[in-house]
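# Architecture at a glance
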Amino acid sequence: MDSNLHKLTFDDINSADFKLYEKNPIIKNFGGSFNAADPSVLTPKESGDGLWHLFCHTFFGVYRLDSDDGINFRFVGKVVPRAMRPNINCIGGRYYLFYERTKPLLGNALSLVGGKWKSEIYVTESDDLDNWTKPRPIICKTRDFEADRRGQAISNPFLIKIGDTYRMYYSCGQTFIKDCGFCEPTYINYAESNNIADGYVSRTEPIIRPDKNDEHLNLCSGCIKVYRLADCYIGLQNGIFEKDGKSHSAIMLLRSDGGIKFGFVKEFLTPRVCGDNDWMAQYVYACCLTYYENRLRLYFNARNTSDLLKGRECIGLYEAQM
């Protein structure tokens, strides 16, 4: 929940000259996992200790890294196991880490060969980023579209505050992506509460669905990160789409007046080969936008190939000086 972004206008974001950091990726897969994914970042202003803190997940849970400059990160340690897709927030001097809680590692593996997937959104809290409360569920299945024959998936939490209301966007449902051999989220929805850590009620219908006629989400919806600006809301959504017989993902810039109905603006960050580095050749996935000391930074994860064994996910940086 980056408080500085509300000072910017839509034109500020839309016209910003973003460039990929020349030494990407800034975080490679580590710890025996094929992925380092779904970054969520605290700026030095939010962290209170003058450091950048980045939360991400691997196959083995959610981890924290820290940095003096927001580029060169040091490994700190695991925060929670059985965890994916973190969203870190600093509110009133307290830290709230929302994440997708999954089955144990073996259960996740069995889901790839016909077992039922099950995930829900959990929260853990801290006053110092080191000591965390016992995790507890915060959004569980309440709508039919959140489950199917493959199981139930509630994922990709992302929190914003609108007046006195907390709104948590999340992904749900599962669409099997054939060339990857795993599922991606089908829908995007949100839930609201007057209490940051309890009482969320989900909207009865998704706000974003896959659309076979939309070149950017003709397979499924992926996830969205929503930010309140001075004059509107923006969404950064990575839809999953088929093109030339292969699946892909790209980050799109969306605009909304109220944060519910979003309109496509442009492709914000697309897959590409950078010189001889193919780390983001086929997929650009989830992201986190920060604004600190007149610099916009988009942290994102990307994947080189759909091949289940050769695929690697790493975290990169896309930035603009304001």
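Coordinates for the structure precede this section.
All values reported here derive from a predicted model rather than from experimental measurement. (Residues numbered from 1 in each chain as written. Predicted model: local features only at pLDDT ≥ 70, side-chain atom pairs only at ≥ 80, totals over all residues. Heavy atoms only, no water.)

### Some remarks on the sheet that holds strand β8 (residues 117–118)
Pairing within the open sheet is mixed, and its three strands lie in the order β8-β12-β11. What marks the edges here is a single partner per strand, and that holds for β8 and β11 (147–148). Relative to strand β12 (residues 151–152), β8 is paired through two bridges, and the arrangement is parallel. By the bridge assignment for β12, W117 is matched with G151. (Pairing = 2+ DSSP bridges. Helix = DSSP H or I, 4+ residues; strand = E, 2+ residues; numbered from the N terminus.)

### Describing the environment of P44
Mapping P44 onto the fold places it in helix α2 (residues 44–47). According to the relative accessible area criterion, P44 is buried, its value standing at 11%. On a C-alpha basis, the gap between P44 and E293 in space is 10 Å, while along the polypeptide they are 249 residues apart. Setting aside anything within four residues of it in sequence, one finds P44 in contact with D49, G50, L51, W52 and Y292. (Buried < 20%, exposed > 50% of the residue type's maximum accessible area, 1.4 Å probe, protein only. Contact = heavy atoms within 4.5 Å.)

### Some details on the side chain of N301
Along the chain, N301 turns up in strand β24 (residues 295–303). Taking the relative accessible area as the measure of exposure, N301 reaches 0% and is therefore buried. Separated by 3.3 Å, the side chain of N301 and the backbone nitrogen of D38 make a polar contact. Residue contacts for N301: discarding those within four places in its chain leaves A36, A37, D38, P39, V284, Y285, A286, E313, C314 and I315. (Polar contact = N/O pair within 3.5 Å; in protein donor to acceptor, adjacent residues only side chain to side chain.)

### Structural notes on the packing of aromatic side chains
Applying the stated criterion across every chain yields a total of 17 aromatic pairs. Relative to Y292, the ring of W52 lies with its centre 5.5 Å away and its plane at 85°, an arrangement referred to as edge-to-face. Highlighted residues: W52 in strand β3 (residues 52–58) and Y292 in strand β23 (residues 283–292), separated in sequence by 240 residues. Here W52 falls in the buried class, since its relative accessible area comes to 4%. (Phe/Tyr/Trp six-rings, centres within 6.5 Å; stacked < 30°, edge-to-face > 60°.)

### Points about unusual backbone geometry
Residue P25 is reached from N24 by a cis peptide bond, and omega for that bond is -5°. Looking at the secondary structure, you find P25 in the loop between β1 (19–20) and β2 (37–42). With a phi angle near 70°, L129 is a residue other than glycine that sits in the positive phi range. Located in the positive-phi region is N156, a residue other than glycine, with phi close to 50°. When you line up the elements, N156 lands in strand β13 (residues 154–162).

### A word on the pairing of strand β20 (residues 233–243)
Most of β20 is tucked away, with nine of its 11 residues classed as buried. The pairing of strand β19 (residues 220–228) with β20 spans seven bridges and is classified as antiparallel. Bridge pairing in β20 places R228 opposite Y233. Between β19 and β20, which pair antiparallel and follow one another directly, the connecting turn spans four residues. Across 11 bridges, β20 lies against strand β21 (residues 246–256) in antiparallel orientation. The partner of G239 across the bridge, within β21, is A250. The loop that links β20 with its antiparallel partner β21 comprises two residues; one of these, D244, has a positive phi angle of about 55°.

### Here we look at the environment of Y190
Examined against the element boundaries, Y190 turns out to sit in strand β17 (residues 187–193). Y190 gets classed as buried once you look at its relative accessible area, which sits at 9%. Spatially, the C-alpha atom of Y190 lies 8.8 Å from that of P157, the residues being 33 residues apart in sequence. Among all residues touching Y190, those that are not within four sequence positions of it are R167, M168, Y169, Y170, V201, S202, R203, I207 and I260.

### Re the nonpolar core
Across soluble globular proteins, you tend to see nonpolar side chains buried next to one another. Judged by nonpolar contacts, the single largest core of 58 residues is most densely connected at L289, L296, L298 and F300. Grouped together as the second largest cluster of nonpolar side chains are 19 residues, Y166, M168, I196 and A197 included. (Core = buried A, V, L, I, M, F, W, Y, C linked by side-chain atoms within 4.5 Å.)

### Details of the side chain of S67
Note on placement: S67 falls in strand β4 (residues 61–67). Accessibility expressed as a relative area gives 0% for S67, which makes it buried. A polar contact is formed between the side chain of S67 and the backbone nitrogen of G70, at a distance of 2.8 Å. A distance of 3.4 Å separates a polar atom in the side chain of S67 from the backbone nitrogen of I71.

### Here we look at the pattern of salt bridges
Tallying each qualifying case throughout the model produces 14 salt bridges. E125 is the salt-bridge partner of R94, the closest N and O atoms lying 2.7 Å from each other. One end of the pair, R94, is in strand β7 (residues 94–101); the other, E125, is in strand β9 (residues 120–126), with 31 residues separating them in the sequence. A relative accessible area of 22% places R94 in the partly exposed class. Ionic pairing is found between R303 and E313, a salt bridge with its closest N-O pair at 3.4 Å. Linking R303 in strand β24 with E313 in strand β25 (residues 313–321), this pair joins segments that are 10 residues apart in sequence. Residue R303 is classed as buried on the basis of its relative accessible area of 5%. Through salt bridges with shared partners, one network takes in R94, E125, D127 and R136. (Salt bridge = Lys/Arg side-chain N within 4 Å of Asp/Glu carboxyl O.)

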